[in-house]
Amino acid sequence: MSLPDNLRHDHEAGAQPPAGAATLDTTRIDDTRIAAVRALVSPAVLLEELPVTPEVEALVDRTRQAIGRVLHGQDDRLVAVVGPCSIHDHDQAMHYARLLQGLSTELADDLIVVMRVYFEKPRTTVGWKGYINDPRLDGSFRINEGLRRARELLLDISALGLPAGTEFLDLLSPQYVSDLIAWGAIGARTTESQSHRQLASGLSCPVGFKNGTDGGVQVAADALQAAAAAHSFMGMTKMGVAAIFETRGNDDGHVILRGGRQPNYDAAAVEAACAVLRKGGLREQVMIDCSHANSAKQHRRQIEVAADVAAQLAAGERRIIGVMVESHLHEGRQDLVPGQALKPGVSVTDACIGWDDTAPLLRQLAGAVRQRRAGR
């Protein structure tokens, strides 16, 4: 009996086994290290359950455009991305957001304040991967719950009139939250990743690329060029279906100097980074991350870094377009210990400065912007 299909051109998944052959048990060679597979809520379901409001939509759009004007030399304010190293508690994040929103209103003429709302944490080896991956902080990995909690928090923060920024680490999670993000970052470990550069090329928000973990700026400059170009790649739609995405490219990219083998926030480092960008025909502009290698992971040194940046701004430096600061309600950090209650308002990942140091730091930067403006 002849087969209905031509097996040489069969588009069905798999192929008919030869007559008399035993059933092929692919479980012996496929998914051998997968312990379980659980259903993931589709982005469309979550977006319908927790829709963006007209007020939040206007805030996100307005902030993205404002940051874009800074990047294109049409606005002389400083972008300040400020907030906890990572989010681990809704109520504490909202307490912080209310404080930051009040200060952002006070300093709005000089700073575009964006709250750092990081849900995903890259780990050098192992550890807590963030609010989306493990929202209960107990190893239960309730990712659907984490996605829902993350979106709820972004809506609540934005409803205050305070825009949010985040790092894009996972390649699927942006479909659940990216409509609420005014500014995004690609971290030092993923700046060189082709997949993350492609993702950035299709994101609707401005994106900062951190220099490599060794301090090299060229990898971030390459990322800017890649993200500004059009790409085609595989991804997941908001309906949860695999698809091919074709992007237009993102011209609202910039470099974030976060240090490496040595700090790179001072005037000489800014000039060196801009020389790399100039050679590549890119806009000469950088954002300074006051934390990470620039502070030698000593959280209070962020205050010194910000003071140096403020001095550069006051002296007329216009190539510094923004800063990042890791800040929480209270300074320091704490470990996740089973059975032990957490201290409220203290980071569970990298150490942060407290709010009492954050407010004067931002006021100092705003004053430096005013001095730079007056020096025209």
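Residues numbered from 1 in each chain as written. Predicted model: local features only at pLDDT ≥ 70, side-chain atom pairs only at ≥ 80, totals over all residues. Heavy atoms only, no water.

(A) Structural detail: the packing of aromatic side chains. Summed over all chains, the structure comprises three aromatic pairs. Note on Phe233 and Phe245: the rings are 6.0 Å apart at their centroids and 15° apart in plane angle, and the pair reads as stacked. Note that Phe233 is positioned in strand S6 (residues 232-236) and Phe245 in strand S7 (residues 242-246), a separation of twelve residues in sequence. Accessibility expressed as a relative area gives 17% for Phe233, which makes it buried. Classification of Phe245 by relative accessible area gives partly exposed; the value is 26%. (Phe/Tyr/Trp six-rings, centres within 6.5 Å; stacked < 30°, edge-to-face > 60°. Helix = DSSP H or I, 4+ residues; strand = E, 2+ residues; numbered from the N terminus. Buried < 20%, exposed > 50% of the residue type's maximum accessible area, 1.4 Å probe, protein only.)

(B) A look at the side chain of Ser104. Within the element layout of this structure, Ser104 appears in helix H3 (residues 90-106). Accessibility expressed as a relative area gives 12% for Ser104, which makes it buried. Residues in contact with Ser104, not counting those within four places in the same chain, are Val113 and Leu162. (Contact = heavy atoms within 4.5 Å.)

(C) Structural detail: the confidence of the model for the chain. Mean pLDDT over the chain: 94, with 92% of residues reaching 70 or higher. Low pLDDT, under 50, characterises residues 7-13; the stretch is placed with one contact to residues that sit more than four places away or in other chains. (pLDDT = per-residue confidence, 0-100.)

(D) A look at the nonpolar core. Within the largest apolar cluster, 78 residues are counted, with the highest numbers of intra-cluster contacts made by Met115, Leu362 and Leu365. Discounting chain neighbours no more than four positions away, the residues touching Met115 are Val82, Pro84, Ile87, Ala93, Tyr96, Ala97, Leu100, Ile157, Leu162, Pro163, Ala164 and Gly165. Residues Ile67, Leu71, Val114 and Ala185 belong to the second largest nonpolar core, which totals 15 residues. (Core = buried A, V, L, I, M, F, W, Y, C linked by side-chain atoms within 4.5 Å.)

(E) Region of interest: the packing of H3 against helix H4 (residues 143-159). One can describe the packing of H3 onto H4 by two numbers: an axis separation of 10 Å at closest approach and a directional angle of 20°. Regarding the angle of H3 to H4, the classification is roughly parallel. Considering only the axes of H3 and H4, their crossing is right-handed. Contacts between H3 and H4 pair His90, Ala93, Met94 and Ala97 from the former with Glu152, Leu153, Asp156 and Ile157 from the latter. (Axes fitted to C-alpha atoms, helices over the stretch in contact; angles between N-to-C directions. Parallel < 35°, antiparallel > 145°, perpendicular 65-115°, else oblique. Left-handed = near helix turned anticlockwise from the far one by under 90°.)

(F) Quick peek at the pattern of salt bridges. Throughout the structure, instances matching the rule amount to 20 salt bridges. For Glu49, the salt bridge identified is with Arg148, shortest N-O distance 2.8 Å. Taken as a pair, Glu49 in helix H1 (residues 43-49) and Arg148 in helix H4 lie far apart in primary sequence, 99 residues in all. The partner of Arg363 in a salt bridge is Glu106, with the nearest N and O atoms 2.8 Å apart. One end of the pair, Arg363, is in helix H10 (residues 355-374); the other, Glu106, is in helix H3, and 257 residues separate them in sequence. A cluster of three or more residues bridged by salt bridges with shared partners is formed by Glu271, Arg278, Glu284, Glu317 and Arg319. (Salt bridge = Lys/Arg side-chain N within 4 Å of Asp/Glu carboxyl O.)

(G) Expanded view of the packing of H3 against H10. With their axes 11 Å apart at the nearest point, H3 and H10 run at an angle of 20° to one another. Judged by the angle between their axes, H3 and H10 are roughly parallel. Crossing of H3 over H10 shows right-handed handedness. Where H3 abuts H10, its residues Tyr96, Leu99, Leu100, Leu103 and Glu106 lie against Trp355, Thr358, Ala359, Leu362 and Arg363.

(H) Broad picture of the sheet that holds strand S9 (residues 286-289). Pairing is parallel around the closed barrel formed by eight strands, whose spatial order is S1-S2-S3-S4-S5-S8-S9-S10. Averaged over neighbouring strand pairs, the angle between their axes works out to 25° when direction is ignored. With four bridges joining them, strand S5 (residues 207-210) and strand S8 (residues 253-257) adopt parallel strand pairing. Among the inter-strand pairings, Gly208 is bridged to a residue of S8, identified as His254. The strands that helix H2 (residues 54-71) touches are strand S1 (78-83), strand S2 (111-116), strand S4 (183-186), S8 and strand S10 (320-326); relative to S2, the one it contacts most, it runs at about 120°. (Pairing = 2+ DSSP bridges.)

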